[in-house]
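Residues per chain, in single letters:
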Amino acid sequence: IPMLKMVAVTAISLGLFILAMELVWIATDTTPPGPRILLGLATVSMCWGMVLALLYAAGEYSGANFIAIPVMAVSHGILNGFGFATCGLLGARSWSS
């Protein structure tokens, strides 16, 4: 099952890295600084959160425990919940209006 987890986390991460590139494209096309900053924060948070997820999955796959689960739960959760979801939604809302 560790190999399946590694493949799944890699696939999800690749999809979200593609979404991050789209957010950068939208942010650079936006003239107001507020949405640009929020979308930039969302992009950085998502990328960093996915790097942590990949490190965690690689650690489980190899048995090396690169990141402990308590650290992963707090950091990944905050990055995705606040950084990506909240900043991304506020930036997209400001951008579209």
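A brief structural summary. (Residues numbered from 1 in each chain as written. Predicted model: local features only at pLDDT ≥ 70, side-chain atom pairs only at ≥ 80, totals over all residues. Heavy atoms only, no water.)

1. Describing the environment of Val7
Stated precisely, the cut-off is as follows: Secondary structure elements are taken from DSSP: a helix is a run of H or I of four residues or more, a strand is a run of E of two residues or more, and numbering for both begins at the N terminus. Buried, partly exposed and exposed residues are distinguished by accessible area as a fraction of the type maximum, computed with a 1.4 Å probe on protein chains only: under 20%, between the cut-offs, and over 50%, respectively.
The topology assignment puts Val7 in helix α1 (residues 2-29). Taking relative accessible area as the criterion, Val7 reaches 48% and is therefore assigned partly exposed. Once the C-alpha coordinates of Val7 and Ala58 are considered, the two residues, 51 residues apart in sequence, prove to be 9.9 Å apart.

2. Comments concerning the state of the cysteines
Threshold: What counts as a disulfide here is a pair of cysteine sulfur atoms lying within 2.5 Å.
Scanning the entire structure with this criterion turns up zero disulfides. Not engaged in a disulfide, the cysteine Cys47 finds its nearest cysteine sulfur in Cys87; these two sulfurs lie 14 Å apart. Assessed through its relative accessible area of 24%, Cys47 is described here as partly exposed.

Everything listed here is a matter of geometry and, on its own, says nothing about what the molecule does.
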